[in-house]
Amino acid sequence: MKGRMGLFIGMGAGYVLGAKAGRERYVQLKRLYDNLTSSPTFRRAKAKAKEAAGSGLGTAKDAAGGGVSKVASAVRSRGDDRSGGLSVAPPPES
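What you see is a predicted model, and the numbers here were worked out from it, not measured in a lab. (Residues numbered from 1 in each chain as written. Predicted model: local features only at pLDDT ≥ 70, side-chain atom pairs only at ≥ 80, totals over all residues. Heavy atoms only, no water.)

(A) Structural detail: the overall build of the chain. Counting secondary structure elements, the chain contains three helices and zero strands. Starting at the N terminus and walking to the C terminus, you meet the elements of the chain as α-α-α. Expressed as a percentage of the 94 residues in the chain, the buried residues total 2%. For the chain, the accessible area works out to roughly 8,800 Å², and carbon and sulfur atoms hold 62% of it. (Helix = DSSP H or I, 4+ residues; strand = E, 2+ residues; numbered from the N terminus. Buried < 20%, exposed > 50% of the residue type's maximum accessible area, 1.4 Å probe, protein only. Areas by Shrake-Rupley, 256 points an atom, 1.4 Å probe, with all protein chains shown as cover.)

See the structure below:
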């Protein structure tokens with residue numbers, strides 16, 4: 001469903017921007033777009049999409065935070081004697 005909507009939007013934008021349809025066709029398409037965006041159904045769908053994106057973002061943040069804490073605890077439990085800094089190899093003998 002998302003792919004189709006993106007395809008239609010892309011085709012419409014390409015048509016408006018690239019076609020030689022003239023000012024009348026542009027005004028007609030603009031009116032159609034304005035009618036679409038002002039419809040209550042479109043506004044409800046837009047609000048639902050924003051809500052879904054927001055909840056998905058929150059879930060992704062929680063999952064990422066859990067992954068970071070797992071990695072951090074695994075590194076701490078390893079018990080290496082590393083100093084935590086970078087080490088540099090000695091220069092080669094000539």
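(B) Spotlight on the pattern of salt bridges. Taken as a whole and assessed by the stated rule, the structure comprises one salt bridge. As a salt-bridge pair, K30 and D34 come within 3.2 Å of each other at their nearest N and O atoms. Taken together, the residues K30 and D34, both in helix α2 (residues 22–38) and four residues apart, mark about one turn of the helix. When its relative accessible area of 33% is taken as the criterion, D34 is described as partly exposed. (Salt bridge = Lys/Arg side-chain N within 4 Å of Asp/Glu carboxyl O.)

(C) Examining the packing of α2 against helix α3 (residues 40–78) more closely. The contact between α2 and α3 brings their axes to 5 Å, and the two run at 65°. Two secondary-structure elements touch here, α2 through L36, T37 and S38 and α3 through P40, F42 and R43. Its residues assigned to classes, the contact of α2 with α3 comprises three nonpolar, two polar and one charged. (Axes fitted to C-alpha atoms, helices over the stretch in contact; angles between N-to-C directions. Contact = heavy atoms within 4.5 Å. Nonpolar A, V, L, I, M, F, W, Y, C, P; charged D, E, K, R; others polar.)

(D) Geometry of the layout of surface pockets. In this structure, the largest pocket encloses a volume near 580 Å³. Around the largest pocket, the lining comprises 14 residues; the ones closest to its centre are I9, G12, A13, Y33 and L36. Only α1 (2–18) and α2 provide two or more residues apiece to the lining of the largest pocket. The biggest single contributor to the lining of the largest pocket is α1, with seven residues. Looking at side-chain class alone, the lining of the largest pocket contains twelve nonpolar, one polar and one charged residues. (1 Å grid on protein atoms, 1.4 Å probe; cavity = no way out; pocket = protein on both sides within 12 Å on 5 of 7 lines; lining within 4 Å. Points joined across faces, edges and corners; volume = space filled by probe spheres on them.)

Structural measurements only, silent on function.
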